[in-house]
There are 4 protein chains.
Amino acid sequence: MPTILGQNQYGKAENRVVKITRDGGTHHIKDLNVSVALSGDLDDVHLTGSNAHCLPTDTTKNTVYAFAKEYGIESAEQFGIHLARHFVTSQEPIHRARIRIEEYSWERIATSDANSKFIGADDVNHSFARKGQETRVTQITYDGERWEVISGLKDLVVMNSTNSEFWGYIKDKYTTLQEAYDRILATQVSGRWRFNWTDDEQRMPNWEKSYEQTRKHMLQAFAETYSYSLQQTLYQMATRIISHRSEIDEVRFSLPNKHHFLVDLEPFGLKNDNEVYYAADRPYGLIEATVLRDGATAQIPVDMTNL
Amino acid sequence: MPTILGQNQYGKAENRVVKITRDGGTHHIKDLNVSVALSGDLDDVHLTGSNAHCLPTDTTKNTVYAFAKEYGIESAEQFGIHLARHFVTSQEPIHRARIRIEEYSWERIATSDANSKFIGADDVNHSFARKGQETRVTQITYDGERWEVISGLKDLVVMNSTNSEFWGYIKDKYTTLQEAYDRILATQVSGRWRFNWTDDEQRMPNWEKSYEQTRKHMLQAFAETYSYSLQQTLYQMATRIISHRSEIDEVRFSLPNKHHFLVDLEPFGLKNDNEVYYAADRPYGLIEATVLRDGATAQIPVDMTNL
Amino acid sequence: MPTILGQNQYGKAENRVVKITRDGGTHHIKDLNVSVALSGDLDDVHLTGSNAHCLPTDTTKNTVYAFAKEYGIESAEQFGIHLARHFVTSQEPIHRARIRIEEYSWERIATSDANSKFIGADDVNHSFARKGQETRVTQITYDGERWEVISGLKDLVVMNSTNSEFWGYIKDKYTTLQEAYDRILATQVSGRWRFNWTDDEQRMPNWEKSYEQTRKHMLQAFAETYSYSLQQTLYQMATRIISHRSEIDEVRFSLPNKHHFLVDLEPFGLKNDNEVYYAADRPYGLIEATVLRDGATAQIPVDMTNL
Amino acid sequence: MPTILGQNQYGKAENRVVKITRDGGTHHIKDLNVSVALSGDLDDVHLTGSNAHCLPTDTTKNTVYAFAKEYGIESAEQFGIHLARHFVTSQEPIHRARIRIEEYSWERIATSDANSKFIGADDVNHSFARKGQETRVTQITYDGERWEVISGLKDLVVMNSTNSEFWGYIKDKYTTLQEAYDRILATQVSGRWRFNWTDDEQRMPNWEKSYEQTRKHMLQAFAETYSYSLQQTLYQMATRIISHRSEIDEVRFSLPNKHHFLVDLEPFGLKNDNEVYYAADRPYGLIEATVLRDGATAQIPVDMTNL
């Protein structure tokens, strides 16, 4: 046989699980999209058609739903850890499990005062609207010994309407761009951060609090950086996270420059004093970088922020 | 010629205009997607290739941007009214203008306390995150005499985790559905409401307040209705709007039933006490209806809520 | 009650049904997405929560799959006619059924010569690749007496790289567009055509042949029209259909002008002799019109081509 | 500074370039989406806000359009090679360029016989319909010394309606799947193959012929493999490519198992003899693997087939 099987993995992707927890009349919701990928002693499945080492993807789906009942969903990270540990420790041929999770957040719908009085506050705490802002993501990888947890978010669109410049760049024969001293800076954040928790012996981070704080620091850095390039803003966002969150050693961002071009209104006898912009779709600048805590080793793959 | 030209319209669609208004260091943002459709004395354009009556779609685009400067964007509705009036009154061959607008809302990014002290609160009020929840929409139609304004929203996902039943329905030979006495009710709201403002002589509604209040009443009705069908919930949502908002005479909703199926955990020896659900994509029930103020005439087209 | 229930309909949307027909070793495939919408005596469902007149959407789904077995899928149109007739004639409260269907086409994968010899041609006629070009659509409506069949297609992208001009249009104060005497004309066709078959007593069209021929005439008219505007091309496309297909009385197109802008290469010392174009996304001109056979009445709704 | 800048890259993404070549009245079209990513001595851009080493993303866009004129577009691969070489050799701070290209293919619209006679065949060879099947992709990476070319395709949906089984797998406490002895096997192919051309001294492959042949062998292997798992089919598809195409050393596929579930028609008194299927969306099995020519080293990243 002139060919060799290289890296391979399989599992059920995009298992949509919603968990409702009832605390009297007050309900809580966790809404996840869980993808399982397993690796191990699987050469025969590919080479001979023998499925003796293959746990069906359907079974990995069932396990996701069963675990939502058995363990609850405290956080996406904790749920992924339960799943990854199970697959690696319960099936001899499975040596490595990677669990990717998207989480959609919901907010409560406030009820009318009249109604609250009538039916009691408890009775109506079961209504939710999906927030629809960023999607929270995490990836848990376990090989039976060490954990790798990379969390983050995607599709969070942010804008600074001033405090952004871009000038002093290389001009070659194909350069026509005019220098800008007051422009809009907008991007759709896709970010991932890797935790330094790798071992069951270590104390586990508080995943929910970590997410909330990391998101906050990232947004503040975006808002507070006077920017000379999106690269510089990216670096500040990542550095702010590493400075404030000791549980995180590595951050990677993929930031499309969502261009807002000042519209030329002069043909109509109007002056556009940084007021009216055209929001462009394509093409867009795409700025990507990893920032590491001093001494840490890069592990987040280049394309992970593009998924 | 054996053929006849029927209804026709043309214009530039999806003009993405962002307007920044500066109030000292505090910036405000309006973010719209504006589509223009013009009708009138346009037979020759289609039949002979003469463009003598054709205002180019490129010109309609330019007008959108110029008007953002000339009139500002007080509300999507008011902006659409300026545009529709302009096209109909300034070009003799144009007899009717329909302006469709999507609006994306943004919220301010809170800056860190330390930073606020250092640079002053005013200096950092130019940072925004896109809310990403529903898209607000409006459609303005003007024929030179009367106005039709239909506003609404789309892509607002809501859920009640209890207080929903479905039973007592027809059973025919193809019916296998089990009756449900406590189910999740979830939908992605697409709604449109028509204003009874039709004439420049009438006092114009406060478009921004109307939207905010209509949305609130609609969500409260969704949360507070004990539901025996999504049809019943829809009717309550629409009725609540008409009861509370005298400026609105007609409401239409298109509500996909975003099914959340209880997962059967019995094969794993587990009991699923309304806790673990599978969120399905397709197929989905689709419930659509118009509700009118007594005496009003239906004008919202059947498929408008599907756009 | 200050409100009145207007037009309403419900049913299961997007039932994905794939039918395999085996003719010895040669398989045939029909791949549909079927949406059911029923109307009738349904006020109580909305007003009182009584479901006594409600055939569950789940039952309409089951019926789609059962009918794929009972009647086969000769064509999307014929399949929709079976379904619509069933719902209206079998359930007293249902007075009207509208069936919308999308159809995805597949082509056979050619096998290697060596293989064909070895295993026999019959054995390998079960492999298909999805064509992925246009989506064929149809809508069947039945009220117990008359039929309305509107078929068509969407997402068919076409381009003429020459034989298109645009000049002689209105110039107002917002016009900056330069006249064009040789431009690219490209669009993503969304078209619908209404058949004059309305009655079981009439001879039914050959739906498969009609689609194939209508598509061919439409494309030829696009290719062969020397165009002075997309409106003119649209009119020719529709007229060609009505002239050649006696079973069709009305055609409506929604044609986005997929702009291909000539790139200005002069800053780089290069001449762009209609060679290098930038394919833009938004905004786009949107040209929509209905064309009727002389004497026919317009029935295709304005927004139907936007679905 | 407690943080360190890791891997970083930037450039203009999704430059949509269409090139028309006129051979008398017969036109040819190349339709690409080109994304540029540059790396090198760019620390200052991130750390200090100095853009002295930054070639603007806008310039990389201009270069794409200028090169379409200067070099033409013989193939996506050849075009990417021109671009990558330019950026690395013309700008001292740029040490590495990665060009990603999507290519959309078009087919000619056949004109009517009558028309062809009238206007001459040459006159109408400028009309095209977008094929809309797979998207062809390539990625060119150059560091000034060695080339890496990884080509492939995505979104090609294929199906075998028989000759697929799945049984003999692990059964654990979460397994409920029934064994299958005749099932549909369908997938949406995302594949990448790496060329062993790495050096300007080597003879360059014929990129167009290589694509056409690789696609053919891949499809034939899919059609001709009697399958016991999608893993086994994947391995056969990759092996067939490496066996037949000496220019390719490594192949990676990401194959979602597009489940087609047999519908249970027994409740309706019908037998489903492998005829009527429900095409499911989510969740789906996801099978991914790399296959290498014996002796080759794996270079295609795990997530590249997910882009």
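Cut-offs applied
Residues numbered from 1 in each chain as written. Chains lettered and ligands numbered in written order. Predicted model: local features only at pLDDT ≥ 70, side-chain atom pairs only at ≥ 80, totals over all residues. Heavy atoms only, no water. Contact = heavy atoms within 4.5 Å. Buried area = accessible area lost by both parts, 1.4 Å probe. Salt bridge = Lys/Arg side-chain N within 4 Å of Asp/Glu carboxyl O. Polar contact = N/O pair within 3.5 Å; in protein donor to acceptor, adjacent residues only side chain to side chain. Helix = DSSP H or I, 4+ residues; strand = E, 2+ residues; numbered from the N terminus. Nonpolar A, V, L, I, M, F, W, Y, C, P; charged D, E, K, R; others polar. Pairing = 2+ DSSP bridges. Axes fitted to C-alpha atoms, helices over the stretch in contact; angles between N-to-C directions. Parallel < 35°, antiparallel > 145°, perpendicular 65-115°, else oblique. Left-handed = near helix turned anticlockwise from the far one by under 90°. Least-squares fit on C-alpha atoms with pLDDT ≥ 70 in both. Buried < 20%, exposed > 50% of the residue type's maximum accessible area, 1.4 Å probe, protein only. Phe/Tyr/Trp six-rings, centres within 6.5 Å; stacked < 30°, edge-to-face > 60°. Lys NZ or Arg CZ within 6 Å of the ring centre and 35° of its normal.

S.K.: Kindly report on the interface of chain D and chain A, identifying the contributing residues and their values.
M.R.: Taken together, the contact between chain D and chain A spans 80 residues of the former and 80 residues of the latter. Between chain D and chain A lies a buried interface of about 6800 Å² when both sides are counted; carbon and sulfur atoms form 54% of it. When residues of chain D are sorted by the area they lose upon contact with chain A, Ile170, Tyr174 and Tyr235 of chain D head the list and together hold 11% of the total. For the interface between chain D and chain A, the tally reads four salt bridges. Across the pair Arg100 of chain D and Asp303 of chain A runs a salt bridge whose closest N-O atoms are separated by 2.7 Å. In this assembly, chain D and chain A are joined by 44 residue pairs in polar contact (both at pLDDT 80 or more). For the side of chain D that touches chain A, the element with the most residues is strand β1 (residues 3–13) of chain D, which contributes 11 residues. Of the residues in the side of chain D that touches chain A, the class split is 33 nonpolar, 32 polar and 15 charged. Two strands pair when backbone bridges link them, and strand β1 (residues 3–13) of chain A and strand β13 (residues 284–293) of chain D are joined in this way by nine bridges, in the antiparallel orientation. Within β13 of chain D, the position partnered with Gln9 of chain A by the bridge is Glu288 of chain D.

S.K.: Hey, could you go over the packing of helix α2 (residues 57–70) of chain D against helix α3 (residues 76–90) of chain D for me, with residue numbers and the actual values?
M.R.: Residues and elements named next belong to chain D. Running from amino to carboxyl end, α2 crosses α3 at an angle of 130°, the nearest separation of the two axes being 11 Å. Here α2 lies oblique to α3, going by the angle between them. Crossing geometry of α2 relative to α3 is assigned as right-handed. Mapping the contact onto sequence places Thr60, Thr63, Val64, Phe67 and Ala68 in α2 and Phe79, His82, Leu83, His86 and Phe87 in α3.

S.K.: Outline the environment of Leu153 of chain A, supporting the account with residue identities and numerical values.
M.R.: The topology assignment puts Leu153 of chain A in strand β8 (residues 147–160). The contacts of Leu153 of chain A, once residues within four sequence positions are left out, are Glu134, Thr135, Arg136, Val137, Val189, Ser190, Gly191, Arg192, Trp193, Tyr211, Arg215 and Met218 of chain A.

S.K.: Which residues make up the relation of the copies chain D and chain A, and what values do they have?
M.R.: Put simply, the two copies of the chain differ by a rotation about an axis and a shift along that axis. Each copy superposes on the other: chain D lies on chain A with an RMSD of 0.0 Å after a rotation of 180° and an axial shift of 0.0 Å. Between the two chains, the operation in question is that of a two-fold axis. Most of the interface of chain D is mirrored in chain A, where 100% of its interface residues again form contacts.

S.K.: Outline the interface of chain A and chain B, supporting the account with residue identities and numerical values.
M.R.: With 57 residues of chain A in contact, the opposing surface of chain B contributes 57 residues. With both sides pooled, the region where chain A packs onto chain B buries about 5000 Å², and carbon together with sulfur makes up 57% of that total. The largest share of the area that chain A buries against chain B comes from Lys69, His126 and Met159 of chain A, three residues that together contribute 12% of it. Taken together, the links from chain A to chain B amount to four salt bridges. Notably, a salt bridge pairs Arg22 of chain A with Asp182 of chain B, separated by 3.6 Å at the nearest N-O pair. At the boundary of chain A and chain B, one finds 24 residue pairs in polar contact (both at pLDDT 80 or more).

S.K.: Outline the pattern of salt bridges, supporting the account with residue identities and numerical values.
M.R.: Inspection of every chain in the model, using the stated rule, returns 80 salt bridges over all chains. Residues Glu208 of chain C and Lys30 of chain C are paired through a salt bridge, measuring 2.8 Å at the closest nitrogen-oxygen approach. In this pair, Glu208 of chain C is assigned in helix α5 (residues 207–224) and Lys30 of chain C in strand β3 (residues 26–40), connecting sequence segments 178 residues apart. Glu250 of chain D serves as the salt-bridge partner of Arg194 of chain D, at 2.6 Å between the closest nitrogen and oxygen. Within this pair, whereas Arg194 of chain D is found in strand β9 (residues 185–195), its partner Glu250 of chain D is found in strand β10 (residues 248–257), the two being separated by 56 residues in sequence. Relative accessible area serves as the criterion here: at 0%, Glu250 of chain D is assigned to the buried category. Shared partners join several salt bridges into a network, and the residues in it are Lys30, Glu77, Glu103, Arg136 and Glu208 of chain A.

S.K.: I'd like to hear about the packing of aromatic side chains, residue by residue, with values.
M.R.: Summed over all chains, the structure comprises 52 aromatic pairs over all chains. Between Tyr278 of chain C and Tyr65 of chain D, the ring centres sit 6.3 Å apart and the planes meet at 85°, which makes this aromatic pair edge-to-face. Within this pair, whereas Tyr278 of chain C is found in strand β12 (residues 276–279), its partner Tyr65 of chain D is found in helix α2, the two belonging to separate chains. Judged by relative accessible area, which is 21%, Tyr278 of chain C ranks as partly exposed. By relative accessible area, which is 4% here, Tyr65 of chain D ends up buried. The ring of Tyr142 of chain B has Arg85 of chain B sitting right over it, with the charged end atom 6.0 Å from the ring centre.

S.K.: Describe the pairing of strand β12 (residues 276–279) of chain D, listing the residues and the values that go with them.
M.R.: Note that strand β2 (residues 15–23) of chain C and β12 of chain D share three bridges and pair antiparallel. Bridging from a neighbouring strand, Lys19 of chain C pairs with Val276 of chain D of β12 of chain D. Relative to β12 of chain D, strand β11 (residues 260–262) of chain D runs antiparallel, the two sharing three bridges. Its bridge partner being in β12 of chain D, Phe261 of chain D is matched across the sheet by Tyr278 of chain D.

S.K.: Account for the environment of Lys258 of chain B, with residues named and values stated.
M.R.: All names here are of chain B. Checked against the element boundaries, Lys258 lands in the loop between β10 (248–257) and β11 (260–262). Taking the relative accessible area as the measure of exposure, Lys258 reaches 25% and is therefore partly exposed. Separated by 63 residues in sequence, Lys258 and Phe195 have C-alpha atoms that sit 29 Å apart. The residues contacting Lys258, other than those within four sequence positions of it, are Val157, Ala186, Thr187 and Gln188.

S.K.: I'd like to hear about the relation of the copies chain A and chain B, residue by residue, with values.
M.R.: For the pair chain A and chain B, the relating rotation is 180°, the translation along its axis is 0.0 Å, and the fit reaches an RMSD of 0.0 Å. Counting the interface residues of chain A, we find that 100% of their copies in chain B are interface residues as well, pointing to one common contact surface.

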